[in-house]
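# Structural description and commentary
One letter stands for each residue in the lines below.
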Amino acid sequence: MEKIKCYRSPKTEVRQSNIGGVGLFAKDNISKGEIVFIKAGHIVQYKEAMKCNKDIGEFDVQISDDFFLVPKSKDEIKDLVVHFNHSCNPNAGPDGQITFTAIRNICKGEEITCDYATITTYPYKLECNCGNKECRKVITGDDWKLKELQERYGNHFSWFILKKIKGL
Ligand SMILES: [Zn+2]
């Protein structure tokens with residue numbers, strides 16, 4: 001049986017990143033609105049997701065208040081992890097739960113990033129050294145509540161966060 005894999009646009013590639021570890025990069029120009037990747041993984045709940053993060057690495061993507069997509073073994077990392085990094089000034093964002101699109105035009109060679117505030121609500125704290133003037137220095141699971149970010153990203157929040165923001 002064919003393995004389940006994340007989709008990465010053919011205009012992207014995974015390579016070493018200055019932000020940390022490996023990252024996803026544009027190997028061609030990508031227009032605003034184009035799909036850059038679609039996340040896949042095992043559907044698990046919070047407790048199991050945190051266990052996978054501890055055992056395998058922090059590769060979860062939250063898709064609802066208590067559901068996450070994760071790899072369950074190190075062997076699955078290459079297929080089930082997209083390798084996008086966080087930035088406080090990202091060029092991609094969620095369009096739904098698992099689809100991520102370019103939120104502005106992305107030039108060949110740029111690293112493709114997403115603001116974790118747009119996809120995450122569970123408690124965590126991460127130091128950020130993204131180097132942008134917008135850098136929040138510390139990012140947390142509460143950042144989606146920041147009015148400034150809600151205005152900046154508009155509909156580019158994962159749907160379960162968007163519903164909270166819009167009171168739906
Ligand atoms: Zn930052």
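Located above this text is the structure these notes cover.
Below or above, wherever it landed, is the structure these notes cover. Once a new chain begins, its residue numbering starts again from 1 and follows that chain's sequence as written. Since the coordinates come from a predicted model, pLDDT governs what is reported: local features require at least 70, and pairs of side-chain atoms require 80 or more to be given and counted, while whole-chain, interface and lining totals use all residues. To obtain the side-chain values, all non-hydrogen atoms of the structure were used and water was disregarded.

### A few points about helix α4 (residues 159-166)
Just so we agree on the cut-off: Exposed residues in this analysis have more than 50% of their type's maximum accessible area, buried residues have under 20%, and partly exposed residues fall in between, with area computed by a 1.4 Å probe over protein chains only. Helix numbering and strand numbering both begin at the N terminus, where a helix is a DSSP run of H or I of at least 4 residues and a strand a DSSP run of E of at least 2. Contacts are assigned to residue pairs with any non-hydrogen atoms lying within 4.5 Å of each other.
Listed in full, the buried residues belonging to α4 are Phe160, Ile161 and Leu162. Here the buried face of α4 lies against β6 (61-64). Following α4 by one or two positions, Gly167 adopts a phi angle in the positive range, close to 70°.

### Examining the coordination of the zinc ion
Let me state the cut-off plainly: Sodium, potassium and calcium take a 3.2 Å donor cutoff, other metals 2.8 Å, and in both cases only N, O and S atoms count; water is not among them, so sites may look incomplete.
At 2.3 to 2.4 Å from the zinc ion lie its protein donor atoms, namely Cys88 (SG), Cys128 (SG), Cys130 (SG) and Cys135 (SG). Counting along the primary sequence, the residues that act as donors to the zinc ion give the motif C-x39-C-x1-C-x4-C. Taken together, the residues Cys88 in the loop between β8 (85-86) and β9 (92-94) and Cys130 in the loop between β12 (125-127) and β13 (138-140) connect sequence positions 42 residues apart. Each member of the pair, Cys88 as well as Cys130, carries the same accessibility label: buried.

### Some points on the pattern of salt bridges
This is how it is decided: One speaks of a salt bridge when a side-chain nitrogen belonging to Lys or Arg is within 4 Å of a carboxyl oxygen belonging to Asp or Glu.
This structure, assessed with the given rule, holds 12 salt bridges. Residue Glu34 is joined to Lys11 by a salt bridge in which the shortest nitrogen-to-oxygen separation is 3.1 Å. With Glu34 in the loop between β3 (22-26) and β4 (35-38) and Lys11 in the loop between β1 (7-8) and β2 (12-16), this residue pair connects regions lying 23 residues apart in the sequence. A residue is classified by how much of its surface remains accessible, and Glu34, at 25% relative accessible area, is partly exposed. The class of Lys11 is partly exposed, set by a relative accessible area of 26%. Arg15 is the salt-bridge partner of Glu13, the closest N and O atoms lying 3.3 Å from each other. The class for Arg15 is partly exposed, based on a relative accessible area of 34%.

### Observations concerning the environment of Val14
Looking at where Val14 falls in the secondary structure, it is placed in strand β2. We classify Val14 as partly exposed; its relative accessible area is 35%. It is 8.7 Å that separates the C-alpha atoms of Val14 and Phe84, two residues lying 70 residues apart in sequence. Sequence-distant contacts of Val14, defined by excluding residues within four places in its chain, comprise Arg8, Val22, Gly23, Leu24, Val82 and His83.

### A word on the side chain of Thr121
Structurally, Thr121 is set in the loop between β11 (111-114) and β12. The exposure class assigned to Thr121 is buried, which follows from its relative accessible area of 18%. Leaving out residues up to four positions away in the same chain, Thr121 has contacts with Gln62, Asp65, Gly141, Trp144, Phe160, Ile161 and Lys164.

### A closer look at the side chain of Thr113
Relative to the helices and strands, Thr113 is located in strand β11. Its relative accessible area of 5% is what places Thr113 among the buried residues. Residues within four places of Thr113 in sequence aside, it is in contact with Ile19, Asn85, His86, Ser87, Asn89, Pro90, Asn91 and Ala92.

So far we have only geometry, and geometry alone does not tell us how the molecule works.
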